[in-house]
Each structure stands twice: as structure tokens, then as C-alpha cells.
There are 2 protein chains.
Amino acid sequence: MPRIRHQNFECNAGCPVEGTLNLIDGKWKGVILYHLFEKTLRFNELRRRFPDITQRMLTKQLRELEKNELIIRKVYPVIPPKVEYSLSERGRSLEPVIMALKNWGDTYLVDKLE
Amino acid sequence: MPRIRHQNFECNAGCPVEGTLNLIDGKWKGVILYHLFEKTLRFNELRRRFPDITQRMLTKQLRELEKNELIIRKVYPVIPPKVEYSLSERGRSLEPVIMALKNWGDTYLVDKLE
DNA sequence: CAGTATCCTCTAAGATACTG
DNA sequence: CAGTATCTTAGAGGATACTG
């Protein structure tokens, strides 16, 4: 999870914005959630969808999402290992938020992503 | 502006999400935008609303928002200096996005901001 | 297959002091 | 009033190698 913001002073109305951003910030979290909206995925399925992410980073981002109770990590006790990642109810409730971000980007970021 | 993400590979559907996050990430940007939705504000008016932000940081965040064409910086050539910050049309179009973040936070972050 | 373990870099963010 | 200029630090993110 990114650093915690504004923790030590009276919370103004903008705080829930920051709090929510804290959960979905993290370089790959938005994309991970986006792909999990579609379907449950295994670790390596996620890896294949983001060729540039390192194993370490993918693990880290997934652990943070799990810690924030946005995704569920299900381990099957088999060999070879099998781990599935899916959205929790809380995670699924983020869909409109992610979509709002996506829609804005689709409209206003065309040829502006640098 | 935070680092640029995913720039060197084929953009999957999650990218506009990241692009948008890049613009509103930054520890104080969400809050700054939130306050500018209400009304145009001067530099020190913004400062007073966030007692914990340093001058340097406020300036930095404002400059980035301006560079991304989300806010407009209007300098009045008077002494003492007077500078007003207001939303651009592009910035105002972010309101539903920020509100989506805020609403989610209000609902799901109660007593969970840590 | 799904991870850890190390080591490293870079920069966002903060503290503090000064100024046209 | 609305900023710069320096200096510092924490930790996000990355590269690479190894493993139950």
C-alpha cells in the first residue's frame, strides 16, 4: 500500500478521495483489478497479461490488494501449486470507480498519455 | 506528476485507468481539486485549508495540475502578489471521477482509513 | 506454478531557510 | 503574498537469482 495520507489531522471532505486512491494507487493495481472484473485468474495468467511486471511486483501488488480486502487469494493444496485470485464483494464494488477513471481517460487522454 | 506508467508496451484496456490516476495521484491533488470544485481560490487560501502541506509541496502540486491542464493559474500583476487558481473545463470534467472516489470512500472506508 | 530473497535506483514528499 | 532554493529521507518500484 502506498503511504498513508493525512492521518494526523482533522479529515476534511477530500479525505475519502485520498483514502480510496491509496487503495487503487500502486502502479499495477488498477490494471489488476480491471482484469479481475472480467474473471478469476491464476497467478501466471495475470503475469501473462502484463509482460512487463516482475514476479516480485505482481506478488506485492496482489498482497496489498488482498490486505485491503479487495481481492481473495485462494490456494489449492496441490502440486504443482495453484492459486486463484478473484474479487471480493468490496473489490467488486470498486468497479464503477475504476470505470469512471477509465471513461475519463478514454475521453480525455487520447494521444495525451505521453 | 507521478512516474509515467506502461509507456513502452501495447496498451491494454486498463491503461486509461492508469493514465487518469497519474493525473490525480500525488498526495494532495485530489484534495486540491476537491476544494477548487467549490470555488476559485488563492494560493494562501489553499494553504489555510491544508495546514499540513508545505509551501513547496503546494506549489509543486499546483504546477503539475496546471501542466496537465486541469487547473488555471491566473496571476494579477499587483503588489502584493495575487494568484488565483481555478478549474479548467478539463479539470471540471474530473468532478464525477473525484466524486466516485469520494463516494466509495465514504461508504467503504468508514473507520478504515487507519 | 507460484512464489522468496537480495540488492539497487529513483523520486515523491518533507524540513527549513530565504525573497521579489 | 506567493513563491524559490537546498538538503534529506522513506519507500515504491525494478533487476536478478533462487526454491518448495
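Everything here concerns the structure above.
Residues numbered from 1 in each chain as written. Chains lettered and ligands numbered in written order. Predicted model: local features only at pLDDT ≥ 70, side-chain atom pairs only at ≥ 80, totals over all residues. Heavy atoms only, no water.

Asks: When you look at the sheet that holds strand β1 (residues 41-42) of chain A in this model, what are you seeing that I'm missing?
Replies: Backbone hydrogen bonds hold the strands of a sheet together, and the pairing may be parallel or antiparallel. All names here are of chain A. Pairing is antiparallel in the open sheet, where 3 strands are placed in the order β1-β3-β2. Where the open sheet ends on each side, the last strands, each with one partner, are β1 and β2 (71-76). As paired elements, β2 and strand β3 (residues 82-87) share 6 bridges and run antiparallel to each other. For isoleucine 71, the partnering residue across the bridge sits in β3 and is leucine 87. Helix α2 (residues 29-38) contacts β1, β2 and β3 of the sheet and is inclined by roughly 90° relative to β3. Most of the contacts of helix α4 (residues 55-67) go to β2, to which it runs at about 115°, and overall it touches β2 and β3. (Pairing = 2+ DSSP bridges. Helix = DSSP H or I, 4+ residues; strand = E, 2+ residues; numbered from the N terminus. Contact = heavy atoms within 4.5 Å. Axes fitted to C-alpha atoms, helices over the stretch in contact; angles between N-to-C directions.)

Asks: I tried to follow the pattern of salt bridges on my own but got confused; where do I start?
Replies: Note that side chains of opposite charge can pair when their charged atoms are close. All names here are of chain A. Under the counting rule described, the total for this entry stands at 10 salt bridges over all chains. Here arginine 49 ties to glutamate 38 by a salt bridge, and the two come within 3.1 Å at their closest N and O atoms. Here the residue arginine 49 occupies a position in helix α3 (residues 43-49), and glutamate 38 occupies one in helix α2, the gap between them amounting to 11 residues. In this structure arginine 49 comes out as partly exposed when scored by relative accessible area, which is 26%. (Salt bridge = Lys/Arg side-chain N within 4 Å of Asp/Glu carboxyl O. Buried < 20%, exposed > 50% of the residue type's maximum accessible area, 1.4 Å probe, protein only.)

Asks: Hey, could you run me through the protein's contact with DNA strand C in this one?
Replies: Residues in close proximity to DNA strand C total 24 residues, the closest being Gln55, Arg63, Arg73 and Tyr85 of chain A together with Lys27 of chain B. For DNA strand C, the backbone makes up 62% of the atoms found within 4 Å of the protein, where backbone means sugar plus phosphate. Arginine 63 of chain A is positioned with one of its side-chain polar atoms (N or O) 2.8 Å from a phosphate oxygen of DNA strand C. The contact in question runs from a phosphate oxygen of DNA strand C to an N or O atom on the side chain of arginine 73 of chain A, over 2.5 Å. Elements represented by at least two residues in the surface near DNA strand C include exactly α3, α4 and β3 of chain A together with α4 (55-67) of chain B. (Near = heavy atom within 4 Å. Polar contact = N/O pair within 3.5 Å; in protein donor to acceptor, adjacent residues only side chain to side chain.)

Asks: Looking at this structure, how should I read helix α6 (residues 95-108) of chain B?
Replies: Given 3.6 residues per helical turn, the α-helix brings residues three or four places apart onto the same face. Over its 14 residues, α6 of chain B runs 20 Å from end to end, which matches the ideal 20 Å to within 8%, given 1.5 Å per residue. Among all positions in α6 of chain B, only Val97, Ile98, Ala100, Leu101, Lys102, Trp104 and Gly105 of chain B are buried. Where α6 of chain B is buried, its residues touch α1 (15-24), α5 (89-92) and α6 (95-108) of chain A together with α1 (15-24) and α2 (29-38) of chain B. (Expected span 1.5 Å × (residues − 1).)

Asks: Would you mind going over the nonpolar core with me for this structure?
Replies: Among soluble globular proteins, nonpolar side chains are generally buried collectively. Of all hydrophobic cores here, the largest spans 60 residues; its most connected members are Ile24 and Leu33 of chain A together with Leu33 of chain B. Not counting residues within four places of it along the chain, the set of residues in contact with leucine 33 of chain B comprises Ile24, Leu65, Ile71, Leu87, Leu94 and Ile98 of chain B. (Core = buried A, V, L, I, M, F, W, Y, C linked by side-chain atoms within 4.5 Å.)

Asks: Please explain the protein's contact with DNA strand D as it appears in this structure.
Replies: The local shell around DNA strand D holds 25 residues, among which Lys27 of chain A together with Gln55, Arg63, Arg73 and Tyr85 of chain B are the closest. Across the atoms of DNA strand D situated within 4 Å of the protein, the share located in sugar and phosphate is 62%. Here a phosphate oxygen of DNA strand D and a side-chain polar atom of arginine 42 of chain B are 2.9 Å apart. A distance of 3.2 Å is found between a sugar or linking oxygen of DNA strand D and a backbone nitrogen or oxygen belonging to proline 81 of chain B.

Asks: Explain the packing of α1 of chain A against α6 of chain B here, please?
Replies: Axes are the key here: two packed helices are described by the angle between their axes and the distance separating the axes. Contact pair α1 of chain A / α6 of chain B: the axes reach a minimum separation of 7 Å and the direction vectors enclose 90°. One way to sum up the angle between α1 of chain A and α6 of chain B is to call them roughly perpendicular. Residue-level contacts link Pro16, Val17, Thr20, Leu21, Leu23 and Ile24 of chain A of α1 of chain A to Ile98, Leu101, Lys102, Trp104, Gly105 and Asp106 of chain B of α6 of chain B. Considering only residue class, the contact of α1 of chain A with α6 of chain B consists of 8 nonpolar, 2 polar and 2 charged. (Parallel < 35°, antiparallel > 145°, perpendicular 65-115°, else oblique. Nonpolar A, V, L, I, M, F, W, Y, C, P; charged D, E, K, R; others polar.)

Asks: I would appreciate a short explanation of the packing of aromatic side chains in the present structure.
Replies: A ring pair, where both rings are aromatic, is described by two values, the distance of the centres and the angle of the planes. Residues and elements named next belong to chain A. Per the counting criterion, the structure on display carries 4 aromatic pairs over all chains. When the centroid spacing of 6.1 Å and the interplanar angle of 45° are considered together, the rings of tryptophan 28 and phenylalanine 50 count as tilted. A residue pair is termed long-range when its members are at least 10 positions apart, and tryptophan 28 in the loop between α1 and α2 and phenylalanine 50 in the loop between α3 and α4 qualify at 22 residues. Tryptophan 28 gets classed as buried once you look at its relative accessible area, which sits at 5%. Exposure remark for phenylalanine 50: the relative accessible area of 0% places this residue in the buried category. Here tryptophan 104 and tyrosine 108 contribute two aromatic rings whose centre-to-centre distance is 4.7 Å and whose plane-to-plane angle is 20°, an arrangement assigned as stacked. (Phe/Tyr/Trp six-rings, centres within 6.5 Å; stacked < 30°, edge-to-face > 60°.)

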